[in-house]
Amino acid sequence: MRRKEHIITFKGFTKKFKNNVVGPIDLAIEQGKFVALLGSSGSGKTVILDSMMGLIKKYKGTITFAGYNRKRAKSYKANASLGVYQQVDFSLETLTCYDYLKMRCNYTGLKKENQKEVLEFWMKYFDLWESRKKRIQNFSLGMKNRVNLILCFLNNPDIYILDEPGANLDSMWRNKINNLFRELKSLNKTLIVSSHNINEIIDLIDNYIVVYNGSKIFEGSKEELNIYTKYKIFLSEKFDVKEFREFLDEKGIRTFKYDEEEISIIFATKNLLQINWSFLYFIKKGIPIINVTKLSVNMESIHKALEDQISFLGDETGEVNPRRKRVKINK
Ligand SMILES: Nc1ncnc2c1ncn2[C@@H]1O[C@H](COP(=O)(O)OP(=O)(O)OP(=O)(O)O)[C@@H](O)[C@H]1O
């Protein structure tokens, strides 16, 4: 069997702040995998990502990134294979889009003779070529976000770190980015995406890392996370809810809220194929299906999926020692 190659590792990583601590955290990210780093606001995602990128240097433990120890001076060399997406605020940026991106090309070490071709390709891809002579500060939020996205592709990196990539983008752009991610996957690139909401790319994710109050509470695959996808199905007429629930129950599919007024019911599946059972049921009954909506996977559903595996020290009332807010790691 091929040995797993870990392109990023955290060993005993601990970052202390005055009133808080992130860690200790151990992580191992395999080359070619897409990893979602999930956690509610303030759980530690940015601290983890900034440390991964080498922006935070003072911490306990060891981080290796593309073969470099992040604490070593030469670790900046690892950034040649790194593409980062963060929401940069361009409100004070007086350069035109083209000039700004050209300047950023110089930082990435992209050869001068290749810069024009690369810039033209990505600006056309993200539909900014026509606006290349306009100042970025006057761009719409969506356009600024696309400039941010271009930044992470300029140096054709092997590792991508993206912090909330779907924000301020409409569905057309999110689909386009999804296709781009699919291509990156086929090229064996590694991608770490941090998000509150992972709906758009859920099908592309191999592994999940979930953090809570500065601790890692889960690291593993979607199957291990035991997360299911919820669907809401709308019917054209009333049906025997009890019988429908029993039918799905037999197939191992959980059902949730029935809304009598809109005649809809929510059910949850572990794989896409299971949806067909509900279609089959209503087709057999001759009840027309009006619509089926995929509901979002949010932090609430992730915490629910982990409920059985974790026991929180402290409670909702906040009676936790803020300096050592810990949860048991169950892996
Ligand atoms: N420079 C800092 N000084 C003091 N505390 C900090 C600092 N940076 C982060 N923290 C604390 O560390 C914890 C983790 O913060 P972090 O920004 O990593 O959360 P996050 O998961 O990225 O949240 P969000 O989704 O809102 O961006 C928080 O309690 C935060 O207050």
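As shown above, the structure is provided for reference.
If you're wondering where the values come from, they're calculated on a predicted model, not measured in any experiment.

## Notes on the sheet that holds strand E3 (residues 34–38)
In step 1: Here we have six strands laid out as an open sheet, ordered E6-E7-E8-E3-E9-E10, and mixed in their pairing. Each edge of the open sheet carries a strand with a single partner, namely strand E6 (82–85) and strand E10 (215–221). Between one strand axis and the next, the sheet turns through 15° on average, direction left out of account.
In step 2: Sheet strands in contact with helix H5 (residues 171–186) are E3, strand E7 (159–163) and strand E8 (190–195), and its direction is about 125° off that of E3.

## A short note on the packing of helix H2 (residues 97–108) against helix H3 (residues 112–125)
In step 1: Packing of H2 against H3 leaves a shortest axis separation of 10 Å and a crossing angle of 130°. Accordingly, the angle class assigned to the pair H2 and H3 is oblique. The crossing of H2 and H3 is right-handed. Between H2, through Cys97, Tyr98, Leu101, Lys102, Cys105 and Asn106, and H3, the contact on the second element is made entirely by Lys112, Gln115, Lys116, Leu119 and Met123.
In step 2: Its residues assigned to classes, the contact of H2 with H3 comprises six nonpolar, two polar and three charged.

## Thoughts on the state of the cysteines
In step 1: Scanning the model with the defined rule gives zero disulfides in all.
In step 2: No disulfide involves Cys97; its sulfur sits 11 Å from that of Cys105, the nearest cysteine.
In step 3: For Cys97, a relative accessible area of 0% translates into the label buried.

## Notes on the environment of Asn213
In step 1: Residue position: Asn213 is located in the loop between strand E9 (207–212) and E10.
In step 2: Asn213 gets classed as partly exposed once you look at its relative accessible area, which sits at 25%.
In step 3: C-alpha separation for the pair Asn213 and Ser195, spaced 18 residues apart in sequence, amounts to 15 Å.

## Examining the sheet that holds strand E12 (residues 254–259)
In step 1: Across the sheet, which stays open at both edges, the four strands sit in the order E12-E13-E11-E14 with antiparallel pairing between neighbours. In this open sheet, the two edge strands, each paired with only one partner strand, are E12 and strand E14 (289–294). Across the sheet, the axes of successive neighbouring strands diverge by a mean angle of 20°, strand direction being ignored.
In step 2: Pairing of strand E11 (residues 229–235) with strand E13 (residues 264–269), which is carried by six bridges, proceeds in the antiparallel orientation. Bridged to Lys230 within E13 is Ala268.

## Notes on the packing of aromatic side chains
How two aromatic rings sit relative to each other is set out by the distance from centre to centre and by the angle between their planes.
In step 1: Under the criterion given, the structure shown has 22 aromatic pairs.
In step 2: Summarising the aromatic geometry, the rings of Trp122 and Tyr125 are spaced 5.5 Å apart at their centres and angled 65° between planes, so their arrangement reads as edge-to-face. Highlighted residues: Trp122 and Tyr125, both in helix H3, separated by three residues, approximately one helical turn. In this structure, Trp122 and Tyr125 share a single accessibility class: buried.
In step 3: Ring geometry for Phe126 against Trp173: centres 5.8 Å apart, planes inclined by 20°, an arrangement best described as stacked. A residue pair is termed long-range when its members are at least 10 positions apart, and Phe126 in the loop between H3 and helix H4 (141–151) and Trp173 in helix H5 qualify at 47 residues. Side by side, Phe126 and Trp173 carry an identical accessibility label, which is buried.
In step 4: One aromatic cluster in this structure is built from Phe121, Trp122, Tyr125, Phe126, Phe153, Tyr160 and Trp173.
In step 5: Its guanidinium or amino end placed over the ring of Phe34, Lys185 lies 4.9 Å from that ring's centre, counting from NZ or CZ.
In step 6: One cation-aromatic arrangement involves Lys251 over Trp277; the distance from NZ or CZ to the ring centre is 4.2 Å.

## Thoughts on the pattern of salt bridges
In step 1: If you walk through the whole model with that rule in mind, you get nine salt bridges.
In step 2: Across the pair Glu219 and Lys216 runs a salt bridge whose closest N-O atoms are separated by 2.6 Å.
In step 3: Take Glu219: its relative accessible area is 16%, and that puts it in the buried class.
In step 4: With its nearest N and O atoms 2.7 Å apart, the salt bridge here joins Lys285 to Glu243. Taken together, the positions of Lys285 in helix H8 (residues 275–285) and Glu243 in helix H7 (residues 241–250) put the pair 42 residues apart, joining distant regions of the chain.
In step 5: Residue classification places Lys285 among the partly exposed residues on the basis of a relative accessible area of 43%.
In step 6: Salt bridges linked by common partners bring Lys116, Glu120 and Lys124 together as one network.

## A word on the layout of surface pockets
A probe matching the size of a water molecule, rolled over the atoms, marks out where space remains unfilled.
In step 1: Looking at the largest pocket, its volume works out to about 510 Å³.
In step 2: When contributions to the lining of the largest pocket are tallied by element, the ones reaching two or more residues are E6, H2 and H4.
In step 3: A per-class count over the lining of the largest pocket returns 11 nonpolar, eight polar and three charged.

## Focus: the nonpolar core
In step 1: Ranked by internal contacts, the top residues of the largest apolar core, which has 55 residues, are Leu101, Phe126, Val147, Leu162, Phe181 and Ile302.
In step 2: Ignoring sequence-local partners within four residues, the contact set of Phe126 consists of Arg146, Leu149, Ile150, Phe153, Trp173, Ile177 and Leu180.
In step 3: Listed in part, the 26 residues of the second largest apolar core include Ile8, Val35, Leu49 and Ile56.

The rules behind these values
- Residues numbered from 1 in each chain as written.
- Predicted model: local features only at pLDDT ≥ 70, side-chain atom pairs only at ≥ 80, totals over all residues.
- Heavy atoms only, no water.
- Pairing = 2+ DSSP bridges.
- Helix = DSSP H or I, 4+ residues; strand = E, 2+ residues; numbered from the N terminus.
- Axes fitted to C-alpha atoms, helices over the stretch in contact; angles between N-to-C directions.
- Contact = heavy atoms within 4.5 Å.
- Parallel < 35°, antiparallel > 145°, perpendicular 65-115°, else oblique.
- Left-handed = near helix turned anticlockwise from the far one by under 90°.
- Nonpolar A, V, L, I, M, F, W, Y, C, P; charged D, E, K, R; others polar.
- Disulfide = S-S within 2.5 Å.
- Buried < 20%, exposed > 50% of the residue type's maximum accessible area, 1.4 Å probe, protein only.
- Phe/Tyr/Trp six-rings, centres within 6.5 Å; stacked < 30°, edge-to-face > 60°.
- Lys NZ or Arg CZ within 6 Å of the ring centre and 35° of its normal.
- Salt bridge = Lys/Arg side-chain N within 4 Å of Asp/Glu carboxyl O.
- 1 Å grid on protein atoms, 1.4 Å probe; cavity = no way out; pocket = protein on both sides within 12 Å on 5 of 7 lines; lining within 4 Å.
- Points joined across faces, edges and corners; volume = space filled by probe spheres on them.
- Core = buried A, V, L, I, M, F, W, Y, C linked by side-chain atoms within 4.5 Å.

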